[in-house]
Amino acid sequence: MLTSIKTTILLLAIILISTVSYSQDNSTSTNPNPNDVKPSDALKTQSVETSTDEPAGIKMNDGILYGKNYDENMQVINFSDFMTNANANDNNGKVVLLKGNVSEVCQEMGCWMMMSEGKDKIRVTTSHNFFLPKDIAGSNAIVIGTFKVTEISEEEARHYNEESKNPAVKTEDIKGPQKEYEIEAFGIKILNPEIKPDNN
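None of the values given here were measured: they were computed from a predicted structure. (Residues numbered from 1 in each chain as written. Predicted model: local features only at pLDDT ≥ 70, side-chain atom pairs only at ≥ 80, totals over all residues. Heavy atoms only, no water.)

**Student:** For this particular structure, what's the right way to read the nonpolar core?
**Tutor:** One recurring pattern in soluble globular proteins is that nonpolar side chains are buried together. Met113, Ile122, Val124, Val143, Ile183 and Ile188 are the most contacted members of the largest nonpolar core, which has 23 residues in total. Considering every element that reaches this core, the biggest residue donor is strand S10 (residues 178-191), with 5 residues. Apart from the residues lying within four places of it in its own chain, the contact partners of Val143 are Val96, Leu97, Leu98, Met113, Met115, Val124, Ile183, Ala185, Gly187 and Ile188. With 7 residues, the next largest nonpolar core counts Cys106, Trp112, Ile152 and Tyr160 among its residues. (Core = buried A, V, L, I, M, F, W, Y, C linked by side-chain atoms within 4.5 Å. Buried < 20%, exposed > 50% of the residue type's maximum accessible area, 1.4 Å probe, protein only. Helix = DSSP H or I, 4+ residues; strand = E, 2+ residues; numbered from the N terminus. Contact = heavy atoms within 4.5 Å.)

Below you can see the structure in the form of C-alpha cells.
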C-alpha cells in the first residue's frame, strides 16, 4: 500500500514538472510586438526567418518581402509620378508606398538600395532592421517607409560610394555635404520578374 502511494506521488510530481516546463517554453512568442510597427495603420506584421548566409524574406505571390508588409488598401505610387511632387518637398516626412526600379544595392551588408529613373534617384535605407540580397539590381520593388529630403555629410557620401558596385563618381571627387532624397524603409518587396508576352 505504501509503495502504491509513493508511486502515485512520484507520477504526479513528474506530470507537474512537465506541465510547468511546457508552459515556460510556450511563453516566448516569435511574433513581433504590434506596438513596434510604425505606423501601425500602414503596415502588416510579418514574421521573417533569419539566416546567416542570405537575407531571409517571405515568399509571396508577387515577390519576396523583406521587413514589414504594407496595407494592401494603400495606393501604390509609381516612382516617376512621385518624383514630380518630391522635388517640391510635398512629401517630406510622410509615409509613402512606391514602386520603382532597383538600380543599386549596398555590397557590404545589403542595408540600402537605390531606386532610380533617369536622373531621379532615392536612397532606400533599412536602418539595419533587415537586409537585402546584393544581386537585386535591375529588379522592380515596392517600398513602404518615411520619405525625407535630407543632407548627408561628405564622409557619409563617400562611405555610400565605397559600398556601391558601380559608383558614378570617384570617392575622392565627393566634396562637401550632399543633398539626397531618402526613404527610411519599414518593408521592401522585391517583385517577381514580369512575364513578357510571346510575340509569335
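**Student:** I tried to follow the side chain of Arg123 on my own but got confused; where do I start?
**Tutor:** By secondary structure assignment, the location of Arg123 is in strand S8 (residues 120-125). What Arg123 contacts, discounting residues up to four positions off in sequence, is Trp112, Met113, Met114, Tyr160, Glu180, Tyr181, Glu182 and Ile183.

**Student:** Sorry, what's going on with the environment of Leu98 here?
**Tutor:** Positionally, Leu98 belongs in strand S6 (residues 95-105). Overall, the relative accessible area of 0% leaves Leu98 in the buried class. Through-space distance from the C-alpha of Leu98 to that of Gln75 is 8.8 Å; in sequence the pair is 23 residues apart. Beyond its immediate sequence surroundings of up to four residues, Leu98 is in contact with Val76, Ile77, Phe82, Met115, Ile122, Ala141, Ile142, Val143 and Ile183.

**Student:** What exactly am I supposed to notice about unusual backbone geometry here?
**Tutor:** In the Ramachandran plot, Ser127 falls in the positive-phi region, its phi being about 55° despite a non-glycine side chain. Looking at the element boundaries, Ser127 is found in the loop between S8 and strand S9 (140-152). Positive phi, normally seen in glycine, also occurs at His128, with a value near 60°. With respect to the helices and strands, His128 occurs in the loop between S8 and S9.

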